[in-house]
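# Structure at a glance
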Amino acid sequence: MQTLIDIDQKILAFFNGSDSLFIDNMAVILTSGVTWIPLYLSLLYVVIKNNETMRQIMLVIGCVILCIGISDGVADFIVKPMVGRFRPSHDPMIKYTVDVVNGMRENLYGFFSAHASNTFCIAIFFSMLVRNKIFVTAMVLWSLVNCWTRLYLGLHYPSDIIVGLVWGCISGSVAYYVYIKSYSHIFRDIKYVSSRYTSTGYNRLDADIVVLVLILTLLFSIIKALIV
């Protein structure tokens, strides 16, 4: 166990902090949920645009809420208080060696990472919903960027991130399973064979809009980090 803890701390030390004010600013900006509001709105747009009835739209939204509820609920309300593992920024053994940006320490416990779990469950659910390679790649990279910020800011150990990603994958898969089972009972299953649509009936151009929003959000974050 001590060997695993040592490995965890060494990997954290590799990712944690730098002498760059620009990267500090980038990490703080990218770890904020507010930064990604345009992404969430673009995902909502894709859902509304590619579903014909309000019942279909509400089914998707309901499953997204279920996805996040499973992910965040288990992380923040069950596992963190039960395990009680300190974040690196609060760990008495290493907190004075951890590079903390702008005094950002958050609450005491960090196992497992809700950031990793929540972003990855959204990435997994929408990846299975839309089924577009570029879209899937962009969503997974978005989640991993969020994971990097948590290590850089000293708010999570690598093991917190890994377990969060695993639980996010499970949460997203469970939510999609509920979605597909509910959909098959309520609506007629339609198979799309067209270069305009994915196999699940989502317009490829609409999926590209989400990717574009992600790119623009990153560019905005870079500019903001330079001028802060």
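Note: the structure precedes this text.
Let us look at the structure shown here. (Residues numbered from 1 in each chain as written. Predicted model: local features only at pLDDT ≥ 70, side-chain atom pairs only at ≥ 80, totals over all residues. Heavy atoms only, no water.)

### Some remarks on the overall build of the protein
Along the protein, the regular secondary structure elements total eight helices and zero strands. Radius of gyration (C-alpha) of the protein: 19 Å, near the 17 Å computed for a compact globule of 228 residues. Taking the principal axes of the C-alpha coordinates as reference, the protein spans close to 60 × 40 × 25 Å. For the protein, the residues scored as buried account for 46% of the 228 residues in total. Contacts in the protein between residues at least 24 apart in sequence constitute 79% of all its contacts with a sequence separation of at least 6. Counting 17 positive and 14 negative side-chain charges, the protein places the centres of these two groups 10 Å from one another. (Helix = DSSP H or I, 4+ residues; strand = E, 2+ residues; numbered from the N terminus. Rg over C-alpha atoms; globule rule 2.2 N^0.38 Å. Buried < 20%, exposed > 50% of the residue type's maximum accessible area, 1.4 Å probe, protein only. Contact = heavy atoms within 4.5 Å. Lys, Arg positive; Asp, Glu negative; His and termini not counted. Charge placed at Lys NZ, Arg CZ, Asp CG, Glu CD.)

### Some words on the environment of Asp72
Along the chain, Asp72 turns up in helix α4 (residues 54–83). Separated by 46 residues in the primary sequence, Asp72 and Asn118 place their C-alpha atoms 6.3 Å from one another. With sequence-adjacent residues up to four places away left out, Asp72 is seen in contact with Phe77, Ala114 and Asn118.

### Remarks on the nonpolar core
The tendency in soluble globular proteins is for nonpolar side chains to be buried side by side. Counting 48 residues, the largest nonpolar core has Phe125, Phe126, Met139 and Tyr179 as the members making the most contacts within it. Elements represented by at least two residues in this core include exactly α2 (21–31), α3 (37–49), α4, α5 (114–130), α6 (133–152), α7 (158–186) and α8 (204–227). At ten residues, the largest contribution of residues to this core is made by α5. (Core = buried A, V, L, I, M, F, W, Y, C linked by side-chain atoms within 4.5 Å.)

### Here's the deal with the packing of aromatic side chains
For any pair of aromatic rings, geometry is given as the distance between the ring centres together with the angle between the planes. The tally for this structure, following the rule as stated, stands at eleven aromatic pairs. Relative to Tyr179, the ring of Phe125 has its centre 6.2 Å away and its plane inclined at 80 degrees; by these criteria the two rings are edge-to-face. With a gap of 54 residues between them, Phe125 in helix α5 and Tyr179 in helix α7 connect regions that are remote in the sequence. No difference in accessibility class separates Phe125 from Tyr179, as the two residues are buried. (Phe/Tyr/Trp six-rings, centres within 6.5 Å; stacked < 30°, edge-to-face > 60°.)

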